Amino acid sequence: MDLLPDVWRQDYWLPPGVIWTDMEQLADSERPRPQDLLITLPLALGFVALRCAFERFLAPPMGRCLGVKNRLQVTAAPSPQLESFYTQSSKQPTQSEVVSLMQSCGKTQRQIETWFRLRRNQDRPGQTKKFAEAAWRFFFYLTAFVAGLACLMDRSWFWDHRDCWRQYPVQPMERAHFWYYMLELGFYGSLLLRISVDIKRKDFKEQVIHHLATIFLLSFSYCANYIRIGTLVMLLHDSSDILLESAKMFNYGAGWRKTCDSLFVVFAVVFLVTRLVIFPTKILRTTLLLSMEVFQPFPGYYFFNILLMVLQVLHVFWAGLILRMVYKFLKGKLEKDERSDEESGAEEEEEEKGDESIDQDCYWEKSKETLNSKLSMLTNSCVLNNLTNHRSSVANRIRKAQ
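Counting starts from 1 at the beginning of each chain's written sequence and moves along it residue by residue. pLDDT decides what is reported in this predicted model: residues at 70 or higher carry local features, side-chain atom pairs at 80 or more are listed and counted, and totals for whole chains, interfaces and linings draw on all residues regardless. The basis for the side-chain values is all heavy atoms of the structure; hydrogens and waters are excluded.

Considerations on the overall build of the protein
Thinking step 1. Each helix and strand in the protein was counted, giving 15 helices and zero strands.
Thinking step 2. With 402 residues in all, the protein has 43% of them scored as buried.
Thinking step 3. Restricting the contact set of the protein to residue pairs at least 6 apart, pairs at least 24 apart contribute 81%.
Thinking step 4. When the accessible area of the protein is evaluated, it comes to approximately 22,500 Å², of which 62% is carbon and sulfur surface. Strands are runs of DSSP state E lasting at least 2 residues, helices are runs of H or I lasting at least 4, and numbering of each runs from the N terminus. Each residue's exposure class comes from its accessible area (1.4 Å probe, protein chains only) as a fraction of the maximum for that residue type: buried when under 20%, exposed when over 50%, partly exposed otherwise. We call two residues in contact when some of their heavy atoms are within 4.5 Å. Note on areas: Shrake-Rupley with a 1.4 Å probe; residue coverage comes only from the protein chains shown.

Here it is in structure tokens:
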């Protein structure tokens, strides 16, 4: 029962010498309150509904303009036994399981392996779904970045980071910054609500950690009135995310390879500069060092900086993926986003191999027919030649005998 009051102990949230009553110097509209975060729940649901409408009505015509098309896929033949195994046991059966399925279904090993390959391809997200997801994120990040830049450009702490801590924590909160926080929190909440139905990528776990760390970071920084530095963190992150999602949009279209490559190069530069240079040298330096010019460290100080460092670790992880893409790009082998859905690369190769094997079978059948006809012609010609030679030799013997 006493746990909840202990969570809000002022020595956890506020610097030494500051108490909760000091915050009452601010008007209610200028003071961040924990109950304000409840508004993010309907906002998250609103973003989910807005996204559904966007993907249904706006994304398809945009995709058609960029030439986004789904690949033509061959559907797997209906097979209740294989379908039951696929949905309940495994999408990629082992060799022993294939042998068992051969006995129960009466199919050959090749037929079963082909069925599972086609069935997995049916579940792969299409290009239109990938494009719609990227387009939604692009428009949000673009809107958030422009709005954030507009409400921060004329603020003193945007240029002088020491102003983030002057008179902390008794700093008035502006309504523009309040809504900036709430909308960002609502958006990341909607990403968590949709993560189970969104395209599953290679860094799925890292994405979940990122969303949770972002929500905790924004929520804590709001309650502790770290709003000034929090707005800078959000603006910095949105700047590179815009370029990433726009590059994906053009990547899913047809005939936009040069545009996609150009956007990717710009994104890689902006990401590496903002996340690996500006974030640690400006943001982390501000929260770790410059803040101590105003107050002594306290539990909230350590917790806030730990969350920022978790984000920095994720930045390093994603920087590694981006550098791999840069390496492939420089070698002329850049084909797709490193964060593509899990089976896409393997499945595409498998699909191509499968198509080649099918073509090879057809070619072999035709080749056998051609070979048989040629052998027949060769055999016939050999027989005719033998007959001709035999007749000529007989004729020569008759002439000699005469």
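Observations concerning helix 14 (residues 299-330)
Working note: α-helix, 3.6 residues per turn, so residues spaced by three or four point in the same direction.
Thinking step 1. Expected helix span is computed as 1.5 Å times (number of residues minus one). With 32 residues, helix 14 extends 46 Å from end C-alpha to end C-alpha; this agrees with the ideal 46 Å at 1.5 Å per step.
Thinking step 2. Following helix 14 by one or two positions, Gly 332 has its phi on the positive side, about 75°.

Some words on helix 12 (residues 227-252)
Thinking step 1. When the terminal C-alpha atoms of helix 12 are compared, their 37 Å separation across 26 residues agrees well with the 38 Å that a helix rising 1.5 Å per residue should span.
Thinking step 2. For helix 12, the tally of buried residues reaches 25 of 26 residues, placing the bulk of the element in the interior.

Brief notes about the side chain of Arg 119
Thinking step 1. Residue position: Arg 119 is located in helix 7 (residues 109-123).
Thinking step 2. You can call Arg 119 buried: its relative accessible area is 12%.

Some thoughts on the packing of aromatic side chains
Thinking step 1. Two rings from Phe, Tyr or Trp (for Trp, the six-membered ring) form a pair when their centres are within 6.5 Å of each other. A pair whose planes differ by under 30 degrees is stacked, one over 60 is edge-to-face, and the rest are tilted. A complete count under the given rule lists 33 aromatic pairs for this structure.
Thinking step 2. Relative to Trp 136, the ring of Phe 47 has its centre 6.4 Å away and its plane inclined at 65°; by these criteria the two rings are edge-to-face. Here the residue Phe 47 occupies a position in helix 4 (residues 40-65), and Trp 136 occupies one in helix 8 (residues 127-152), the gap between them amounting to 89 residues.
Thinking step 3. The class of Phe 47 is buried, set by a relative accessible area of 11%.
Thinking step 4. By definition here, charges over rings are those cases where NZ of Lys or CZ of Arg is within 6 Å of the ring centre and within 35 degrees of the ring normal. Across the ring face of Phe 178, the terminal group of Arg 175 is positioned such that the distance to the ring centre comes to 4.3 Å.

Here's the deal with the pattern of salt bridges
Thinking step 1. Just to be clear on terms, a salt bridge is a Lys or Arg side-chain nitrogen sitting within 4 Å of an Asp or Glu carboxyl oxygen. By the definition in use, this model includes 19 salt bridges.
Thinking step 2. The partner of Arg 51 in a salt bridge is Asp 198, with the nearest N and O atoms 2.9 Å apart. One end of the pair, Arg 51, is in helix 4; the other, Asp 198, is in the loop between helix 10 (175-194) and helix 11 (204-223), and 147 residues separate them in sequence.
Thinking step 3. Accessibility expressed as a relative area gives 3% for Arg 51, which makes it buried.

Overview of the environment of Leu 235
Thinking step 1. Its location among the elements puts Leu 235 in helix 12.
Thinking step 2. A relative accessible area of 7% places Leu 235 in the buried class.
Thinking step 3. Leu 235 sits 90 residues away from Phe 145 along the chain, and the two C-alpha atoms are 5.9 Å apart.
Thinking step 4. What Leu 235 contacts, discounting residues up to four positions off in sequence, is Phe 145, Gly 148, Leu 149, Leu 152, Phe 158 and Tyr 180.

Here's the deal with a nonpolar patch on the surface
Thinking step 1. The patches described consist of residues with a relative accessible area above 30% and no salt bridge, like charges being joined within 9 Å and nonpolar side chains (Val, Leu, Ile, Met, Phe, Trp, Tyr) within 5 Å. A cluster of nonpolar side chains, contributed by Val 265, Val 269, Val 273, Leu 276, Val 277, Ile 278 and Val 316, occupies part of the molecular surface with about 500 Å² of accessible area.
Thinking step 2. Counting residues per element, the nonpolar patch draws most heavily on helix 13 (residues 257-288), at six residues.
Thinking step 3. Within the secondary structure, Ile 278 is located in helix 13.

Examining the packing of helix 10 against helix 12
Each pair of packed helices gets described by two things: the angle between the helix axes and the distance between those axes.
Thinking step 1. Here helix 10 crosses helix 12 at 50°, and the two axes come no closer than 11 Å. By the angle between their axes, helix 10 is oblique relative to helix 12. In the crossing of helix 10 with helix 12, the sense of the turn from one axis to the other is left-handed. Along the contact surface, helix 10 presents His 177, Tyr 180, Tyr 181 and Glu 184, while helix 12 presents Ile 227, Gly 230, Thr 231, Met 234, Leu 235 and Asp 238.
Thinking step 2. Residue composition of the contact of helix 10 with helix 12, grouped by class: five nonpolar, three polar and two charged. Here, axes are lines fitted to C-alpha atoms. For helices the fit covers the stretch in contact, and angles between N-to-C directions go from 0 to 180 degrees. Roughly parallel here means an angle under 35 degrees, roughly antiparallel means over 145, roughly perpendicular means 65 to 115, and every remaining angle is called oblique. Note on convention: near helix rotated counterclockwise from far helix by under a right angle means a left-handed crossing. Clockwise means right-handed. We call Asp, Glu, Lys and Arg charged. Ala, Val, Leu, Ile, Met, Phe, Trp, Tyr, Cys and Pro are nonpolar, and the rest, Gly among them, are polar.

Section: the packing of helix 12 against helix 13
Thinking step 1. Across the interface, helix 12 lies against helix 13 with an axial gap of 8 Å and an inter-helix angle of 165°. When the axis of helix 12 is compared with that of helix 13, the two are roughly antiparallel. The element helix 12 and its partner helix 13 pack so that their crossing is left-handed.
Thinking step 2. Counted by class, the contact of helix 12 with helix 13 contains 18 nonpolar, nine polar and three charged residues.

A short note on unusual backbone geometry
Thinking step 1. Omega for the peptide link from Tyr 168 to Pro 169 comes to 5°, which places this bond in the cis form.
Thinking step 2. As for its placement among the helices and strands, Pro 169 is situated in the loop between helix 9 (156-159) and helix 10.

Thoughts on the environment of Ser 156
Thinking step 1. Among the secondary structure elements, Ser 156 is positioned in helix 9.
Thinking step 2. Two N or O atoms form a polar contact when they lie within 3.5 Å of each other; inside protein one atom must be a possible hydrogen donor and the other a possible acceptor, and for residues adjacent in sequence the pair counts only when both atoms belong to side chains. Side-chain polar atoms of Ser 156 contact the side chain of Asp 163, separated by 2.9 Å.

Concerning the confidence of the model for the protein
Thinking step 1. Residue-level confidence of the predictor, termed pLDDT, takes values from 0 up to 100. Across the protein, pLDDT averages 82, with 81% of residues at or above 70.
Thinking step 2. Across the protein, the element-wise mean pLDDT spans from 42 in helix 15 (residues 344-401) up to 96 in helix 4.
Thinking step 3. Counting interchain partners and residues more than four positions distant, the pLDDT-below-50 stretch residues 340-388 has 36 contacts.
Thinking step 4. Confidence over residues 397-402 falls short of pLDDT 50; this stretch has zero contacts with residues more than four positions distant or in other chains.

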